[in-house]
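Chain residues, written in single-letter form:
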Amino acid sequence: MEIFTKGISAVLGGSGEASQPSGVDTIERLCNRIQSSTLLNDRRDAVRALRSLSKKFRLEVGTQAMDLLVDVLERDRSDVDIVELALDTICNVVSVDSTSTPSTSELGIQFTEIFIKKPKNVTLVLTFVEDYDFHLRWPAAKLLNVLIVNKCNQMQEIIVGSPMGVSKLMDLLSDSRDFIRNEGILILLQLTKGNAMIQKIVAFENAFDRLLDIVFDEGLSDGGIIVEDCILLMHTLLKNNTSNQNFFREASHIHRILPFFDLGLPIKGNSPVQWDSQKIANIMHMLKLVGILVSPGNPQQGVASSQKAIHSCGLTQLFCVLMYSNGLASELLTQAINTVAEVIRGSPANQELFSKFRLPGDQTKSAVLGLLSTIASEKQLLPLRCAALYCFQSFLYKNEEGQGEIVSTLLPSSSDVAQTVSAGQLLCTGLFSQDPLCTWSASVSLAATLNAFQREQLLRVQLAVTADQPPTTLLQLSVDLVRQPNAHLQSRVGLLILLSTWLAGSAQCVTVFLSNQSNMSFLTGLAEHEPDTEPDRLVQGLSCFLLGICLACHPGTELPYSRDALQQIIQQRIGLERFNGCLGFVMHSEAFIRAAKHPQLDAKNGEEILFDHMFTVFFKDQFDTVSKAASNQLTLPSSSHSGRSQSPLAAGAAVVNGAPVEDHDSIVTSYKDLIRDQDQQLRDLKAELESVKAERNEALAAKRDLELRASTISEAKREDDGTESKLQMQLEETLAINAAIQNEIQEGRDAIANLERQLAASRRAEQAASENADLLKSKAGTEEMNLSREIGELKSQLANVGSEKEALIAERDSLQHELNKLQSQTDGQDDSTRELKKVQAEYDELQKKCETIEKEMDDLLVLLTENTEKNKKLKEKLRGLGQEVSDDEDEDDEDEDEDEV
């Protein structure tokens with residue numbers, strides 16, 4: 001084809017733009033050179049030219065040259081230059097540019113699928129990654145990175161199945177050349193996402209040591225984007241991977257992190273820090289890495305071991321210094337507080353260190369007071385306040401000593417009042433704040449201080465809201481705040497959380513609460529009224545929960561509201577079904593579900609915050625107890641001088657022992673009646689249970705029947721869709737073949753026209769030399785006759801090709817008609833199948849015809865090429881005889897010769 005094109009250029013002459021070949025033609029010629037050339041230099045030049053065209057003509061290069069480039073990688077792998085060019089070309093074809101159009105991006109994905117469809121192609125690229133030569137390793141690494149980004153899951157499977165595939169990629173981290181090392185980090189960052197097996201392989205290939213070495217070499221927190229990428233890769237290896245977390249901890253890598261946080265921050269003073277955005281990002285990501293190791297979602301044993309290692313190497317102290325450094329960016333400060341929270345959560349050693357830490361610049365103020373100040377400050381950003389609350393809760397988590405210290409600041413004391421603000425004062429200030437979020441945060445913080453002992457201690461707290469009013473207990477003040485008619489939803493929810501946590505498990509607290517009849521009247525009113533909005537339903541649900549706690553923890557003694565009175569309120573005034581429904585509404589509310597996911601608060605604005613994680617755990621634990629108490633299915637505690645719980649039966653026996661003997665028979669009779677009633681209730685419940693089971697079985701049977709019918713319908717629909725899709729694909733392929741044939745026909749016509757122009761030029765040259773070359777003229781006449789005869793034959797063949805084309809077009813229209821008929825017959829699956837087979841047979845026959853035509857076109861091109869060579873030799877002979885033969889002929893003479901032909 002290249003010789004034919006050169007011949008045309010030689011005859012036509014000139015180098016105008018009209019004679020320049022298109023990009024598609026050039027790519028086709030280059031592919032032919034790669035495939036047919038025996039010289040390595042020729043193939044190298046062709047691949048170099050393809051690389052220069054691969055970005056502009058990605059589709060053409062990808063469709064025509066992809067397999068040829070893979071063959072070059074296999075056949076010429078000993079030549080570094082051609083392999084580098086081939087790898088770069090493939091990389092250009094499969095790349096997805098973030099700035100490109102969606103169609104272009106999709107093209108890169110499709111070529112990626114084609115390339116990795118043969119796993120040996122990826123294995124071949126991995127062999128070049130293994131080579132230390134920069135010109136092989138660098139382009140191979142770039143290509144692998146693009147392939148993994150485009151098709152991560154498939155590439156993960158291929159690389160794991162390739163011998164030493166992951167190990168070859170790990171070797172990139174040890175490369176002394178930054179370009180290759182950094183590309184290796186990016187490859188592993190993509191490759192390890194979502195694949196625990198690869199994460200373990202990479203970790204046990206000594207990845208943590210290598211990554212930390214790179215972090216040290218790049219300057220720790222002062223390093224650039226490479227440090228950030230290394231830390232992010234360690235995130236991927238550690239997150240949700242217990243095995244890698246254990247390996248990281250047991251290999252003492254936690255201790256290696258210590259220099260990273262040696263930031264030179266002042267222990268005293270208020271000198272603000274000034275860091276660039278990259279350093280802030282590096283520190284934030286390293287804090288998150290520590291947070292991954294101590295996340296509450298990990299196994300408790302592993303968390304405790306990590307917390308112990310962090311404390312022993314001194315990281316906790318550095319975190320506290322960072323947390324209270326002046327001038328930190330709000331995002332970094334928030335992350336530092338959250339990390340400290342999870343480091344000290346449930347860890348006695350870290351909690352003790354935190355309680356003794358004093359703020360830089362103010363040694364009289366503890367870290368705990370700093371947290372409470374942040375929580376109560378309306379000027380602080382919401383994420384910062386949420387982080388401070390989480391840290392305060394983590395400090396008190398399983399920390400009875402810390403809980404006692406906070407509550408002691410609320411209790412009356414005979415000692416002189418300290419000049420500094422106490423934790424109790426900050427909590428009370430927040431509790432009575434006009435800001436609903438402050439009230440909610442203070443309520444939740446107080447709830448975190450409560451344990452079995454501190455619940456009753458907190459009953460001693462008395463406060464005076466104004467100077468002219470007598471002191472009132474904190475419990476009663478909390479109830480009064482809920483009762484305020486203009487109380488905000490967030491404030492009410494927080495206070496009800498506090499009251500529920502306070503009264504749970506403490507008969508003494510319930511006694512104090514029930515002693516005030518107005519408390520129960522208000523609580524009952526909240527529980528039984530018909531709510532108009534969803535927020536009102538939340539308040540109603542929490543009120544029912546508090547009412548159920550009062551019943552479950554009722555001491556059994558005579559109070560303004562006895563146990564029976566509480567049960568009557570729940571069962572008759574509210575109703576058991578409605579009562580349980582209110583509890584269920586709270587548990588299934590969006591705010592409750594969001595808070596239950598993670599101990600850290602997560603909200604976009606303050607009004608979204610209604611529950612905290614600790615209360616969701618507490619609510620779920622108490623749900624069954626409250627529900628059973630309301631339905632009289634729970635063995636409730638009874639009064640006792642020892643304060644211990646007793647069953648109703650034990651309490652009844654005590655009364656009998658202390659009563660006159662003549663009352664004994666009546667007591668026994670009452671118990672017999674009670675037992676008979678309970679037996680009847682048990683029989684009724686059993687009958688109801690059997691009825692429910694029967695209904696459930698019927699529902700399950702109906703569900704299975706519906707699922708079977710739905711599955712049948714879906715399967716039939718999928719088959720119809722598959723049939724139509726296949727037919728559509730066949731039609732598209734036929735159209736593509738027709739288009740290719742049309743192009744070939746046009747090329748044949750162009751070749752014939754060129755040949756005719758060459759023949760005309762030959763005849764003019766022959767006439768000019770007729771006087772001095774009679775012999776040559778006779779020979780030329782013979783050649784002319786032969787060429788004319790061959791041209792006639794070629795025109796005849798071209799006419800036959802045109803006829804074939806018309807037949808193909810007719811068959812294509814027929815096939816389209818058949819497809820339309822099949823698409824309209826969605827109910828007749830069998831008919832569609834027969835039609836599909838028929839169309840498939842027609843398509844196969846059409847394909848054979850297309851192949852025959854292609855062969856004929858190839859033969860046609862060969863004949864044209866031979867005629868061109870003959871014409872060229874004829875002109876050479878004329879020149880040898882001294883005849884002048886011009887490449888540029890007059891257009892009028894040319895037209896006349898063409899007419900004669």
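These figures come from a predicted structure and were not determined experimentally.

Quick notes on the rules
- Residues numbered from 1 in each chain as written.
- Predicted model: local features only at pLDDT ≥ 70, side-chain atom pairs only at ≥ 80, totals over all residues.
- Heavy atoms only, no water.
- Helix = DSSP H or I, 4+ residues; strand = E, 2+ residues; numbered from the N terminus.
- Buried < 20%, exposed > 50% of the residue type's maximum accessible area, 1.4 Å probe, protein only.
- Contact = heavy atoms within 4.5 Å.
- Areas by Shrake-Rupley, 256 points an atom, 1.4 Å probe, with all protein chains shown as cover.
- Lys, Arg positive; Asp, Glu negative; His and termini not counted.
- Salt bridge = Lys/Arg side-chain N within 4 Å of Asp/Glu carboxyl O.
- pLDDT = per-residue confidence, 0-100.
- Phe/Tyr/Trp six-rings, centres within 6.5 Å; stacked < 30°, edge-to-face > 60°.
- Lys NZ or Arg CZ within 6 Å of the ring centre and 35° of its normal.
- Arc of directions from axis to C-beta.
- Polar contact = N/O pair within 3.5 Å; in protein donor to acceptor, adjacent residues only side chain to side chain.
- Patch = residues over 30% accessible without salt bridge, like charges linked within 9 Å, V, L, I, M, F, W, Y side chains within 5 Å.
- Axes fitted to C-alpha atoms, helices over the stretch in contact; angles between N-to-C directions.
- Parallel < 35°, antiparallel > 145°, perpendicular 65-115°, else oblique.
- Left-handed = near helix turned anticlockwise from the far one by under 90°.
- Nonpolar A, V, L, I, M, F, W, Y, C, P; charged D, E, K, R; others polar.

J.: I would appreciate a short explanation of the overall build of the protein chain in the present structure.
T.: Scanning the protein chain from terminus to terminus reveals 40 helices and four strands. Out of the 901 residues in the protein chain, the part that is buried amounts to 46%. Within the protein chain, counting contacts between residues at least 6 apart in sequence, those at least 24 apart form 72% of the total. In the form shown here, the protein chain has an accessible surface area of approximately 45,600 Å², with 50% of it arising from carbon and sulfur atoms.

J.: Could you clarify how one ought to interpret the side chain of E183 in this entry?
T.: With respect to the secondary-structure elements, E183 resides in helix 11 (residues 178–191). Although buried, E183 forms no salt bridge, and the nearest oppositely charged side chain, K142, lies 7.6 Å from it. Setting aside residues no more than four positions away along its own chain, E183 makes contact with W138, A141, K142 and N145.

J.: Help me understand the confidence of the model for the protein chain in this model?
T.: Predicted coordinates in areas of low pLDDT are best not read in detail. On average, residues of the protein chain score 78 in pLDDT, and 66% of them are at 70 or above. Residue range residues 638–667 is modelled with pLDDT below 50. Its contacts to residues more than four positions away, or to other chains, number 24 contacts. Per-residue pLDDT stays below 50 along residues 888–901; that stretch engages in 14 contacts with residues further than four places along the chain or on separate chains.

J.: What is the right way to read the packing of aromatic side chains from this model?
T.: Each aromatic ring pair is summarised here by two numbers: the centre-to-centre distance and the angle between the ring planes. Applying the stated criterion across every chain, the model contains 18 aromatic pairs. Aromatic pair F134 and W138: ring centres 6.2 Å apart, planes at 10°, arrangement stacked. With F134 and W138 both in helix 8 (residues 134–150) and four residues apart, this pair spans about one turn of that helix. Note on F592 and F611: the rings are 5.6 Å apart at their centroids and 70° apart in plane angle, and the pair reads as edge-to-face. Taken together, the residues span a long stretch of sequence, with F592 in helix 34 (residues 590–597) and F611 in the loop between helix 34 and helix 35 (613–630) at a distance of 19 residues. In this pair, the class of F592 matches that of F611, namely buried. An aromatic cluster is built from F545, F592, F611, F615, F618, F619 and F623, whose rings are joined through pairwise contacts. Above the plane of the ring of Y132 lies R177, whose end atom (NZ or CZ) is 4.0 Å from the centre. Against the face of F585 rests R537, its NZ or CZ located 4.0 Å from the ring centre.

J.: Can you walk me through the environment of S306 in this structure?
T.: By secondary structure assignment, the location of S306 is in helix 18 (residues 300–312). A C-alpha to C-alpha distance of 9.0 Å links S306 and Q245, two positions 61 residues apart in sequence. Beyond its immediate sequence surroundings of up to four residues, S306 is in contact with R249, I254, L293 and V294.

J.: Teacher, can you tell me more about the pattern of salt bridges here?
T.: Oppositely charged side chains can pair when the atoms bearing their charge come close. Across all of its chains, the model carries 17 salt bridges by this definition. Two residues, E113 and K151, come together in a salt bridge whose shortest N-O distance is 2.9 Å. Placement of the pair is E113 in helix 6 (residues 102–116) and K151 in the loop between helix 8 and helix 9 (152–161), with a sequence separation of 38 residues. Classification of E113 by relative accessible area gives partly exposed; the value is 38%. For E528, the salt bridge goes to R573, with nearest N and O atoms at 2.7 Å.

J.: Looking at this structure, how should I read unusual backbone geometry?
T.: Apart from glycine, the bulk of residues carry a negative phi angle, and the bulk of peptide bonds sit in the trans form. Of note in this structure, S252 is not a glycine but carries a positive phi near 60°. For S252, the location among the structural elements is in the loop between helix 15 (242–250) and helix 16 (253–257). The class of S252 is partly exposed, set by a relative accessible area of 38%. Positive phi, close to 55°, is recorded for K398, a residue that is not glycine. Secondary-structure assignment places K398 in the loop between helix 23 (382–396) and helix 24 (400–408). Classification of K398 by relative accessible area gives exposed; the value is 66%.

J.: Hey, could you run me through helix 12 (residues 196–204) in this one?
T.: Along an α-helix, a turn takes 3.6 residues, which lines up residues three or four apart on a common side. Within helix 12, burial applies to I198, Q199, V202 and A203. Mapping the buried residues of helix 12 onto a view down its axis gives an arc of 135°, with all of them on the same face. Exposed and oriented more than 90 degrees from the buried face of helix 12 are M197 and F204. Packed against the buried residues of helix 12 are helix 9, helix 10 (165–170), helix 11, helix 13 (207–217), helix 14 (225–238) and helix 15. Measuring from the backbone nitrogen of M197 back to the side-chain oxygen at the start of helix 12 gives 3.2 Å, which picks out N195 as the cap.

J.: It is not clear to me how a nonpolar patch on the surface should be interpreted in this structure. Could you clarify?
T.: Taken together, the side chains of V160, M197 and I201 make up a nonpolar region of the molecular surface, amounting to roughly 230 Å² of accessible area. Along the chain, the position of I201 falls in helix 12.

J.: Just to check I follow, could you spell out the packing of helix 14 against helix 17 (residues 277–293) for this structure?
T.: To characterise two packed helices, one gives the angle between the axes of the helices and the distance between these axes. Interhelical geometry of helix 14 versus helix 17 gives an angle of 15° and a closest axis separation of 9 Å. Comparing the axis directions of helix 14 and helix 17 gives the class roughly parallel. In this structure, helix 14 crosses over helix 17, and the sense of that crossing is left-handed. In this structure, helix 14 uses I225, V227, E228, I231, L232, M234, H235 and L238 to contact helix 17, whose residues at the interface are Q278, A281, N282, H285, M286, K288, L289, I292 and L293. A per-class count over the contact of helix 14 with helix 17 returns 11 nonpolar, four polar and two charged.

J.: Would you explain the side chain of N121 in this entry?
T.: With respect to the element layout, N121 can be found in helix 7 (residues 119–130). Within polar-contact distance, the side chain of N121 engages the backbone oxygen of F115 at 2.9 Å. Apart from the residues within four sequence positions on either side, N121 is in contact with V70 and F115.

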